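As a plain string of letters, each chain reads:
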Amino acid sequence: DQQVKQNSPSLSVQEGRISILNCDYTNSMFDYFLWYKKYPAEGPTFLISISSIKDKNEDGRFTVFLNKSAKHLSLHIVPSQPGDSAVYFCAASMSGTSYGKLTFGQGTILTVHP
Amino acid sequence: DTAVSQTPKYLVTQMGNDKSIKCEQNLGHDTMYWYKQDSKKFLKIMFSYNNKELIINETVPNRFSPKSPDKAHLNLHINSLELGDSAVYFCASSQSDRRSPNSNQPQHFGDGTRLSIL
């Protein structure tokens with residue numbers, strides 16, 4: 001039962017353009033969402049998060065949008081840079097469960113071409 | 001100044017053996033986790049400890065036994081290794097909020113241990 005899904009296995013974008021990574025979830029109890037970035041042979045690195053009381057959170061070039069009614073979130077990277085090329089995971093958790101257990105999507109490989 | 005470190009990085013062993021993976025964090029966090037990333041690239045939580053106490057134990061075979069000697073360390077021991085145990089195992093840590101123990105805080109991950117069973 002896959003509660004968090006990233007339906008695009010890969011995305012290719014030109015440097016300087018916008019990258020949009022999408023994530024859908026099925027469990028309406030999720031109320032906290034995170035994006036992680038992962039380079040090969042390294043662990044995931046936290047990028048940005050959003051609580052369900054918000055619909056947008058911004059941090060520099062990274063913005064996360066949350067649409068609760070559609071159970072959908074997206075990560076916008078603008079402008080995209082070659083160093084952004086990595087695997088991006090979205091994750092979700094719910095308050096009231098033990099210490100923030102995260103449920104991950106399967107990841108999207110982003111390639112930013114110079 | 002590695003925040004979450006795992007050893008070994010690679011582990012190649014035969015079916016039936018027993019092996020351990022160690023994890024240490026120097027972030028002062030009180031909660032630590034083990035995740036498994038399988039061949040389909042899903043990251044799935046296995047265990048979580050808060051201040052040396054087991055708080056999350058997902059449906060994991062009892063051949064897997066975590067141990068937390070102190071809140072900075074969480075080791076994973078695996079008995080009678082099977083082919084299906086081949087995966088990348090990630091350790092992570094986070095800091096809980098004492099005022100709200102179930103509050104959400106980002107988790108910091110180690111670089112993973114790639115376990116290959118021959």
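Values in this document were obtained by computation on a predicted structure and should not be read as measured data.

Draft legend 1. Local environment of the overall build of chain A. Looking only at helices and strands, chain A features zero helices and 11 strands. Ordering the α and β elements of chain A from the N terminus gives β-β-β-β-β-β-β-β-β-β-β. Taking 13 Å as the expected radius of gyration for a compact globule of 114 residues, we find that chain A reaches 14 Å, a close match to that expectation. When its C-alpha atoms are laid out on the principal axes, chain A stretches across 45 × 30 × 20 Å. Looking at chain A as a whole, 45% of its 114 residues are labelled buried. For chain A, the share of sequence-separated contacts (at least 6 apart) that also reach a separation of at least 24 residues comes to 55%. Counting every atom, chain A has about 5300 Å² of accessible surface; 50% of that belongs to carbon and sulfur. Looking at chain A, you have 10 positive and 9 negative side-chain charges, and the mean spots of the two groups are 3 Å apart.

Draft legend 2. Spatial organisation of the sheet that holds strand E3 (residues 19-25) of chain A. Residue and element names in this part refer to chain A. Read from one edge to the other, the open sheet built from five strands follows the order E1-E3-E8-E7-E6, with strand pairing classed as antiparallel. Of all strands in the sheet, those with a lone pairing partner are strand E1 (4-5) and strand E6 (56-59), marking the two edges. For strand E7 (residues 62-67) and strand E8 (residues 72-77), the ladder comprises six bridges, and the chain directions are antiparallel. Across the sheet, the residue bridging to Thr63 is His76, located in E8.

Draft legend 3. Fine view of the confidence of the model for chain B. Residues with a pLDDT of 70 or more make up 92% of chain B, whose mean pLDDT is 90. Taken element by element, the predicted model of chain B shows its lowest mean pLDDT in strand E6 (residues 53-57) of chain B (85) and its highest in strand E3 (residues 19-25) of chain B (97).

Draft legend 4. Representation of the packing of aromatic side chains. Counted under the stated rule, the structure contains 12 aromatic pairs over all chains. Ring geometry for Tyr25(A) against Phe30(A): centres 6.3 Å apart, planes inclined by 65°, an arrangement best described as edge-to-face. Arranged with centres 5.4 Å apart and planes meeting at 85°, the rings of Tyr36(A) and Phe109(B) form a pair that is edge-to-face. Here Phe109(B) lies in strand E10 (residues 108-109) and Tyr36(A) lies in strand E4 (residues 32-38), a pairing that spans two chains. In terms of burial, Tyr36(A) and Phe109(B) fall into one category: buried. Cluster of aromatic residues (ring-pair linked, three or more members): Tyr36(A), Phe46(A), Phe89(A), Phe104(A), Tyr33(B), Tyr35(B), Phe90(B) and Phe109(B). Taking NZ or CZ as reference, Lys44(B) lies 5.8 Å from the ring centre of Phe42(B), over its face.

Draft legend 5. Quick peek at the state of the cysteines. All names here are of chain B. Under the defined criterion, the tally for this structure stands at two disulfides over all chains. Note on cysteine connectivity: Cys23 is disulfide-linked to Cys91, with sulfurs 1.9 Å apart. Between Cys23 and Cys91, the S-S torsion sits near -80°, and that sign places the bridge as left-handed. Of the two residues, Cys23 sits in strand E3 while Cys91 sits in strand E9 (residues 87-94), which places them 68 residues apart along the sequence. Judged on exposure class, the residue Cys23 and its partner Cys91 are both buried.

Draft legend 6. The arrangement of the interface of chain B and chain A in detail. Taken residue by residue, the interface counts 25 residues in chain B and 25 residues in chain A. For the pair chain B and chain A, the summed buried surface comes to about 2100 Å²; carbon and sulfur atoms form 59% of the total. Our enumeration of links across chain B and chain A arrives at one salt bridge. Notably, a salt bridge pairs Lys101(A) with Glu58(B), separated by 3.1 Å at the nearest N-O pair. Viewed at the interface, chain A and chain B are joined by four residue pairs in polar contact (both at pLDDT 80 or more). Of the residues forming the side of chain B that touches chain A, the biggest block, four residues, is contributed by strand E4 (residues 31-37) of chain B.

Draft legend 7. Representation of the nonpolar core within the structure. Of all hydrophobic cores here, the largest spans 24 residues; its most connected members are Phe33(A), Trp35(A), Leu73(A), Leu75(A) and Tyr88(A). Ranked by residue count, the leading element in this core is strand E9 (residues 86-93) of chain A, at four residues. Of all hydrophobic cores here, the second largest spans 20 residues; its members include Leu11(B), Tyr49(B), Leu74(B) and Tyr89(B).

Draft legend 8. Molecular detail of the side chain of Gln25(B). All names here are of chain B. Within the secondary structure layout, Gln25 lies in strand E3. When its relative accessible area of 3% is taken as the criterion, Gln25 is described as buried. Looking at Gln25, its side chain comes within polar contact range of the main-chain nitrogen of Leu27, at 3.0 Å. Polar contacts involving the side chain of Gln25 include one to the main-chain amide nitrogen of Gly28, which spans 3.3 Å. The contact partners of Gln25, leaving out residues within four places of it in the chain, are Ala3, Val4, Met32, Lys71, Ala72 and Ser93.

Rules used in this analysis
- Throughout this document, residue positions are counted from 1 along each chain, in the order its sequence is written.
- Lettering of chains starts at A and numbering of ligands starts at 1, both following the order in which they are written.
- Only residues with pLDDT of 70 or above have their local features reported here, since the model is predicted, and side-chain atom pairs are shown and tallied only from 80 upward, although totals for entire chains, interfaces and linings are computed over all residues.
- To obtain the side-chain values, all non-hydrogen atoms of the structure were included, while hydrogens and water were left out.
- Numbering of helices and strands starts at the N terminus; helices are DSSP runs of H or I of at least 4 residues and strands are runs of E of at least 2.
- In this description the radius of gyration comes from C-alpha coordinates, and the expected globular size is given by 2.2 Å times residues to the power 0.38.
- Buried, partly exposed and exposed residues are distinguished by accessible area as a fraction of the type maximum, computed with a 1.4 Å probe on protein chains only: under 20%, between the cut-offs, and over 50%, respectively.
- Contacts: residue pairs with any heavy atoms within 4.5 Å of one another.
- Note on areas: these come from Shrake-Rupley sampling with a 1.4 Å probe, and a residue is covered only by the protein chains present in the view.
- This count recognises Lys and Arg as positive and Asp and Glu as negative, with His and chain-terminal groups excluded.
- In plain terms, the charge of a residue is placed at NZ if it is Lys, CZ if Arg, CG if Asp and CD if Glu.
- By the convention used here, strands pair only if DSSP detects at least 2 bridges between them.
- What pLDDT reports is the predictor's confidence in each residue, on a scale of 0 through 100.
- Stacked, edge-to-face and tilted are the three classes for Phe, Tyr and Trp ring pairs, Trp counted by its six-membered ring, which pair at centre distances within 6.5 Å; planes under 30 degrees apart are stacked, over 60 edge-to-face, the rest tilted.
- Criterion for a charge above a ring: Lys NZ or Arg CZ within 6 Å of the ring centre, and within 35 degrees of the ring normal.
- Two cysteine sulfur atoms form a disulfide, by the criterion used here, when they sit within 2.5 Å.
- A 1.4 Å probe defines the accessible area here, and the buried area is the portion of it lost by two parts on being joined, summed over both.
- A pair is scored as a salt bridge if a Lys or Arg side-chain nitrogen falls within 4 Å of a carboxyl oxygen belonging to Asp or Glu.
- Two N or O atoms form a polar contact when they lie within 3.5 Å of each other; inside protein one atom must be a possible hydrogen donor and the other a possible acceptor, and for residues adjacent in sequence the pair counts only when both atoms belong to side chains.
- Take the buried residues of types Ala, Val, Leu, Ile, Met, Phe, Trp, Tyr and Cys, join any two whose side-chain atoms come within 4.5 Å, and each joined set is a nonpolar core.

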